[in-house]
Amino acid sequence: MDTTRRGFLAVAGATMAGDGAHAQDHDHGDHAHQAVPSDPTLRVKALESLLVEKGLVDRAALDLLVDRFEHKVGPRDGARVVARAWVDPAYKKRLLTDAPAAIAELGYTAGQGEHMLVVENSPKVHNLIVCTLCSCYPWAVLGLPPVWYKSTAYRSRAVIDPRGVLREFGTQLDEDVEVRVWDSTAELRYIVLPERPAGTDNLSEAELAELVTRDAMVGVSQVLPLGEKA
Amino acid sequence: MNGVHDLGGLQDMGPVQHEKDEPVFHAAWEGRVYGIDRSLRFIGKWNLDAWRHQIELLPPADYFGMTYYERWLRVDEQLVVKHGLATPKELETAMPDPGSVKATPALTAAVAAQRLGRGIPSSHDPKVLPQFRVGQRVRARNMNPTGHTRLPRYARGKKGTITLDHGVYLFPDTNAHFQGEKRQHVYSVRFTARELWGMNASVRDSVHLDMWDDYLEHA
């Protein structure tokens, strides 16, 4: 049995391509082939296989973690929190003073161990969240961050040119609006409470939640009234 | 460490690329890396600060050349070796060495679900006294440690105002190197955009950073 890494990777690749012909392609050497998984795919498979064999990692736990973030935790959770704050002033007050507890009230317990702070937009203040050093993000209510949030472009420019970044997202602010950037340098996680758009008085809490986007809760955009698309 | 991860204030990184209807993971392997990474961290051989520092230690060209989860993968491969969970040969062959001791039971799905809700240790320990108070003027220290730090270069030497006391947290500069938790207060410090970036910045705008006691001095 070939016990080299290359051997493992070739076998893993063939298995994943699901077809013996691709295994032969591997033997032929280095030319790229569409059906051959990329290097990370093989390395991850190797790492997972080793860690499971050694009893360090449990496949069911991996499945759960992936499923949790792919399908369960996400911006819909944050949107429900925002909508509740819009319709319930007492809730909003609790949210702004003790965010983890207020978020847990809605059943989002993933955030209970997180230190979260909700920062409120107003006609005169616009908040923007960034992590210049890595990728800190309020995952407990927004899920995992999008690629742009983790990009060098966003991380570098959000603090020095927030208005320029906002314009790229289609967000034009008047000069007299104060932009407050929150650089998540410690273990505090920030969420923006966007302004409730005009003309939404008749909407239910659930309908309001539908309007709230991930980008608005990071602060790169605003919540648009019903029917307006960014 | 004055590394390339400390990006705040660079201007040559191009426009922000926004992907419409972006998937959580762009390939199945990214999800697996995420799960592996979280599971490994639950084992407790390294802490979040040490993990972050390992990413910062990637050679600059690799750091910029890799995608986000490629960095995670490389760092997890490095950390399992560094902390004795696997040997380089095991990584190479993807098979346990003969006689390799199996770990204590791996993190199960049930425990993983439970631990996800557990955050970063912090406390409101009244014995740890704050060195500063809300409203005070402070200056971020001009320091250039060669290890891990969460004090970005763009704020060093700048003056700001403490707006909130967040309570007591572990000090990343020591915790990342397993040199103790050195619990201390963390504050939200408001810096005006003009203090950070000069007179061309908006007179209204500001940047808030979270800072530990040891990052600050009286201004």
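Values in this document were obtained by computation on a predicted structure and should not be read as measured data.

Participant: Explanation requested: the overall build of chain A in the structure shown.
Facilitator: For chain A, the helix and strand inventory stands at 13 helices and four strands. When burial is assessed residue by residue, chain A has 48% of its 230 residues classed as buried. Sequence-distant contacts, at least 24 apart, represent 64% of the contacts inside chain A between residues at least 6 apart.

Participant: Can you help me understand the overall build of chain B in this one?
Facilitator: Scanning chain B from N- to C-terminus turns up eight helices and six strands. N-terminal to C-terminal, the α/β element order of chain B is α-α-α-α-α-α-β-β-β-α-β-α-β-β. Counting only C-alpha atoms, chain B reaches 65 × 45 × 35 Å along its principal axes. Considering chain B as a whole, with its 219 residues, one finds that 36% of them fall into the buried category. A separation threshold of at least 6 residues defines the contact pool for chain B, and within that pool the share at least 24 residues apart is 65%.

Participant: I keep staring at the confidence of the model for chain B and nothing clicks. Help me out?
Facilitator: Caution is warranted with low-pLDDT regions, since their predicted coordinates should not be read in detail. Residues of chain B with pLDDT of at least 70 account for 93%, and the chain-wide mean is 92. This complex was scored by the predictor with a pTM of 0.90 and an ipTM of 0.95.

Participant: Explain unusual backbone geometry to me, please; I cannot follow it from the model alone.
Facilitator: Trans is the common state for peptide bonds, and a negative phi is the common state for residues other than glycine. In this structure, B:Ala94 takes a positive phi of about 60° despite not being glycine. Using a count of 25 C-beta atoms within 10 Å as the deciding quantity, one classes B:Ala94 as buried.

Participant: Could you clarify how one ought to interpret the interface of chain B and chain A in this entry?
Facilitator: Much of the literature gives interface size as the accessible area that the parts lose upon coming together. Counting residues at the interface gives 77 residues for chain B, matched by 67 residues for chain A. Elements that contribute at least two residues to the side of chain B that touches chain A include exactly helix 1 (28-43), helix 2 (48-56), helix 4 (68-82), helix 5 (88-93), helix 6 (109-116), strand 3 (159-169) and strand 5 (206-212) of chain B. Counting residues per element, the side of chain B that touches chain A draws most heavily on helix 1 of chain B, which supplies 11 residues. Residue composition of the side of chain B that touches chain A, grouped by class: 40 nonpolar, 20 polar and 17 charged. Bridge analysis of strand 3 (residues 178-183) of chain A against strand 5 of chain B gives four bridges, and the strand direction is parallel. Within strand 5 of chain B, the residue paired with A:Asp183 across the bridge is B:Leu209.

Participant: Would you mind showing me how to read the packing of helix 3 (residues 39-53) of chain A against helix 4 of chain B here?
Facilitator: To characterise two packed helices, one gives the angle between the axes of the helices and the distance between these axes. In contact at an axis separation of 11 Å, helix 3 of chain A and helix 4 of chain B are set at 35° when each is read in the N-to-C sense. The crossing of helix 3 of chain A and helix 4 of chain B is left-handed. For the pair helix 3 of chain A and helix 4 of chain B, contact is made by A:Pro40, A:Arg43, A:Val44 and A:Leu47 and by B:Glu70, B:Leu73, B:Asp76 and B:Glu77, respectively. Grouping the amino acids of the contact of helix 3 of chain A with helix 4 of chain B by side-chain chemistry returns four nonpolar, no polar and four charged.

Participant: Looking at this structure, I do not really get the packing of helix 1 of chain B against helix 4 of chain B. What am I missing?
Facilitator: Residues and elements named next belong to chain B. At a closest axis distance of 10 Å, the pairing of helix 1 and helix 4 adopts a crossing angle of 40°. With respect to each other, helix 1 and helix 4 are oriented oblique. Classified by chirality, the crossing of helix 4 by helix 1 is left-handed. Of helix 4, the residues touching helix 1 (which contributes Glu30, Val33, Ile36, Asp37 and Leu40) are Tyr69, Trp72, Leu73, Asp76 and Val80. In terms of residue class, the contact of helix 1 with helix 4 is built from seven nonpolar, no polar and three charged.

Participant: Which parts of the structure should I look at to understand the environment of B:Pro152?
Facilitator: By the secondary structure assignment, B:Pro152 is in the loop between strand 2 (137-140) and strand 3. For the pair B:Pro152 and B:Leu209, spaced 57 residues apart in sequence, the C-alpha to C-alpha distance is 9.1 Å. Discounting chain neighbours no more than four positions away, the residues touching B:Pro152 are A:Thr132, A:Leu133, A:Asp183, A:Thr185, B:Asp6 and B:Gly8.

Participant: Explain helix 4 of chain B to me, please; I cannot follow it from the model alone.
Facilitator: Quick reminder: α-helices carry 3.6 residues per turn. Residues three or four places apart thus point the same way. Relative to the 21 Å expected for 15 residues at 1.5 Å per residue, helix 4 of chain B spans 21 Å between its end C-alpha atoms, a close match to the ideal helical length. Residues of helix 4 of chain B that are buried: B:Tyr69, B:Glu70, B:Arg71, B:Trp72, B:Leu73, B:Val75, B:Asp76 and B:Val80. The elements touched by buried residues of helix 4 of chain B are helix 3 of chain A together with helix 1, helix 2 and helix 3 (60-65) of chain B. The first or second residue beyond helix 4 of chain B is B:Gly84, which carries a positive phi of 75°.

Participant: Would you mind going over the pairing of strand 4 (residues 188-193) of chain A with me for this structure?
Facilitator: The side chains of a regular strand alternate, first on one face of the sheet and then on the other. In terms of burial, strand 4 of chain A is largely enclosed, as six of its six residues are buried. Across the two faces of strand 4 of chain A the burial is the same, with A:Leu188, A:Tyr190 and A:Val192 and A:Arg189, A:Ile191 and A:Leu193 all buried.

How each quantity is defined
- Residues numbered from 1 in each chain as written.
- Chains lettered and ligands numbered in written order.
- Predicted model: local features only at pLDDT ≥ 70, side-chain atom pairs only at ≥ 80, totals over all residues.
- Helix = DSSP H or I, 4+ residues; strand = E, 2+ residues; numbered from the N terminus.
- Buried ≥ 20, exposed ≤ 12 C-beta atoms within 10 Å, placed from the backbone.
- Contact = placed C-beta atoms within 7 Å.
- pLDDT = per-residue confidence, 0-100.
- Nonpolar A, V, L, I, M, F, W, Y, C, P; charged D, E, K, R; others polar.
- Pairing = 2+ DSSP bridges.
- Axes fitted to C-alpha atoms, helices over the stretch in contact; angles between N-to-C directions.
- Left-handed = near helix turned anticlockwise from the far one by under 90°.
- Parallel < 35°, antiparallel > 145°, perpendicular 65-115°, else oblique.
- Expected span 1.5 Å × (residues − 1).

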